[in-house]
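Listed here are the chains, written in short residue letters.
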Amino acid sequence: MAAKVKWYRDAWWVITHASRKKIKKRFGTTNADKRRAAKVADEINHRLALGQYTPEPRTEDSAIPFDKRVRSWHRLYSPTFKPSYEDTSLRLIENHLVPFFGSMDLRELSEADILGYIRAKLDAGLAPSTIKNGLTIVRRLLNLAQREGLVSQNPAARIGELMRRVDQRSAYETKQVDSWSRAEVAELLKVALEHEPRFHPALFLAMSTGLRRGEILGLKWADVDFERSRVNIRRALVRGQLSTPKSGKGRMVALPPGCASLLIDVLGDRRRQMLARGWPEVPEWVFPSESGGPLEERNFERSWGRVRRRAQKEGVRPLRFHTARHTYASFALEAGKSVRWVADQLGHSNPELTLRTYAHALRSEEIDLSFADFGGPKRTYTDPGVEGDEGPAITDDATDRRRKRFLERETGLEPATPSLGSLCSTN
């Protein structure tokens, strides 16, 4: 049993081993804090030697209730959140985290508690992704507490590893993002054109550029460059609020010729609509509401739902609208576009994300496998009795020489020469 001064977690600590317990107390980062910690350690060691040491009891006033701390964190940091994350994180806190952890002292939180939360939410039927999103909040909360010296370590630091193991156990096959085939895309666009003509250009744009739904709703005519066939993605409309794109950065996205022509037609329709309704100018939004303002997500989703249900009757898989983005990326990689180019078009912050998500769509290069050919018998996959490109036909009346030439060419092995022994000397 002893107390020691140790530089730990970027600060000076007094770590005491007593009564089969390890007690840590943080002092600070300066030399003065180190001297103060050394005095405390000497005092503890003196009391241990006399048998008079007892750990300081933790009073209720010094406890850090989880529920109060996580709500305070959300209020303090919400100005730094995207509107969508602000709402999502609050629902995770109130519906899942607080009901489970309650007023538990944040300093007493352990990895066992984290695993208990995972088990409880899996039993309740929550998706692993939702569980991970909630625990990410816990990890951020404990990171801040660790920086303030309130906890010595973060028991939620291994959330990523734990959830990967959960995914591996619960999954019965490897995950792969869904994407539509070209036939399914054609059917979706056909249904949209026939039954939802106002929605059709937005769906066409999503399939042709991989834009997110919020980026499509936040697109203005000033962002469309018809001369260079580009669109400048500078904003997104999510849950009725404008914000920057998901990555926080703008980007230029290439417009295929067909999509650019379609947008020109849409702009012509907007001008005719302006004259018919007596508007002073064309609405600034590429896809406006009936009144000319930004289109609400609910109305957008209703249109998409009707298109999806009709297309499903024609054999199209009823996937999410976001699948249009996956489809664009898959087609681009299959066509030979580089991972960097696709990442720039999609607005991914790192091409590694693009590669991990769409590795299955990379162009196949298994035609030439000569680098892995180490010999062995080589056989033709066509009927050797048929005359063709594979070599001369072998028939009953073929000569031995023709048979030997065929064997040499197809197997790569030279037949033995019966008279070779008589021509060579063994002396």
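Residues numbered from 1 in each chain as written. Predicted model: local features only at pLDDT ≥ 70, side-chain atom pairs only at ≥ 80, totals over all residues. Heavy atoms only, no water.

Draft legend 1. Expanded view of helix α5 (residues 128-147). In this model, α5 (20 residues) spans 28 Å end to end at C-alpha, consistent with the 28 Å of a helix rising 1.5 Å per residue. Here α5 has its buried residues at I131, G134, L135, T136, I137, V138, L141, L142, L144, A145 and Q146. G149 sits one or two positions beyond α5 and adopts a positive phi of about 80°. (Helix = DSSP H or I, 4+ residues; strand = E, 2+ residues; numbered from the N terminus. Expected span 1.5 Å × (residues − 1). Buried < 20%, exposed > 50% of the residue type's maximum accessible area, 1.4 Å probe, protein only.)

Draft legend 2. Representation of the packing of helix α8 (residues 200-209) against helix α10 (residues 257-277) in the model. With their axes 10 Å apart at the nearest point, α8 and α10 run at an angle of 155° to one another. In terms of axis orientation, α8 runs roughly antiparallel to α10. Taken as a pair, α8 and α10 cross one another with a handedness that is left-handed. Contact residues: α8 offers H200, P201, F204, L205 and S208, while α10 offers G258, C259, L262, L263 and V266. Here the contact of α8 with α10 is composed, by residue class, of seven nonpolar, three polar and no charged. (Axes fitted to C-alpha atoms, helices over the stretch in contact; angles between N-to-C directions. Parallel < 35°, antiparallel > 145°, perpendicular 65-115°, else oblique. Left-handed = near helix turned anticlockwise from the far one by under 90°. Contact = heavy atoms within 4.5 Å. Nonpolar A, V, L, I, M, F, W, Y, C, P; charged D, E, K, R; others polar.)

Draft legend 3. Examining the nonpolar core more closely. Core analysis: the biggest nonpolar cluster contains 40 residues, and W180, L188, L203 and L205 have the highest contact counts within it. Breaking this core down by element, the ones donating at least two residues are α7 (182-195), α8, α9 (213-217), β5 (230-233), α10, α11 (297-313) and α12 (323-334). Not counting residues up to four positions away in its chain, the partners in contact with L205 are G210, L211, I216, L219, L255, C259, L263 and F287. L109, Y117, I118 and A145 belong to the second largest nonpolar core, which has 30 residues in total. (Core = buried A, V, L, I, M, F, W, Y, C linked by side-chain atoms within 4.5 Å.)

Draft legend 4. Up close: the sheet that holds strand β2 (residues 11-18). Strand order in the open sheet formed by three strands is β1-β2-β3, and the pairing between neighbours is antiparallel. Of all strands in the sheet, those with a lone pairing partner are β1 (2-8) and β3 (21-28), marking the two edges. Across the sheet, the axes of successive neighbouring strands diverge by a mean angle of 25°, strand direction being ignored. Sheet topology places β1 next to β2; seven bridges connect them, and they run antiparallel. Across the sheet, the residue bridging to V5 is V14, located in β2. The sheet contacts of helix α1 (residues 31-50) involve β1, β2 and β3, and relative to β1 the element is tilted by about 160°. (Pairing = 2+ DSSP bridges.)

Draft legend 5. Structural view of the side chain of E297. With respect to the helices and strands, E297 occurs in helix α11. On the accessibility criterion, E297 (16% relative accessible area) is buried.

Draft legend 6. Spatial organisation of the sheet that holds strand β4 (residues 224-225). In space, the three strands of this open sheet follow the order β4-β5-β8, with antiparallel pairing throughout. With one partner strand each, in any of the chains shown, β4 and β8 (251-254) form the two edges of the open sheet. Across four bridges, β5 lies against β8 in antiparallel orientation. The residue of β8 that forms the bridge with N232 is M252.

Draft legend 7. Fine view of unusual backbone geometry. Non-glycine residue S229 carries a positive phi angle of around 55°. Relative to the assigned elements, S229 resides in the loop between β4 and β5.

Draft legend 8. Region of the structure containing the side chain of R270. Its place among the elements puts R270 in helix α10. No salt bridge is formed by the buried R270; the nearest opposite charge belongs to D269, separated by 5.8 Å. Dropping the residues within four chain positions of it, R270 is found in contact with W221, V282, V286, F287 and P288. (Lys, Arg positive; Asp, Glu negative; His and termini not counted. Salt bridge = Lys/Arg side-chain N within 4 Å of Asp/Glu carboxyl O.)

Draft legend 9. Up close: the packing of aromatic side chains. Scanning all chains against the criterion turns up 15 aromatic pairs. Geometrically, the ring pair formed by F81 and Y85 is edge-to-face, given 5.0 Å between the ring centres and 90° between the ring planes. Site record: aromatic cluster; members linked through ring pairs are W180, F199, F300, W304 and F321. One residue, R182, lies across the ring of F331, its end atom 4.2 Å from the ring centre. Here the guanidinium or amino end of K220 rests over the ring plane of W285, the centre of that ring lying 4.9 Å away. (Phe/Tyr/Trp six-rings, centres within 6.5 Å; stacked < 30°, edge-to-face > 60°. Lys NZ or Arg CZ within 6 Å of the ring centre and 35° of its normal.)

No statement about biological role is implied by the geometric values presented.
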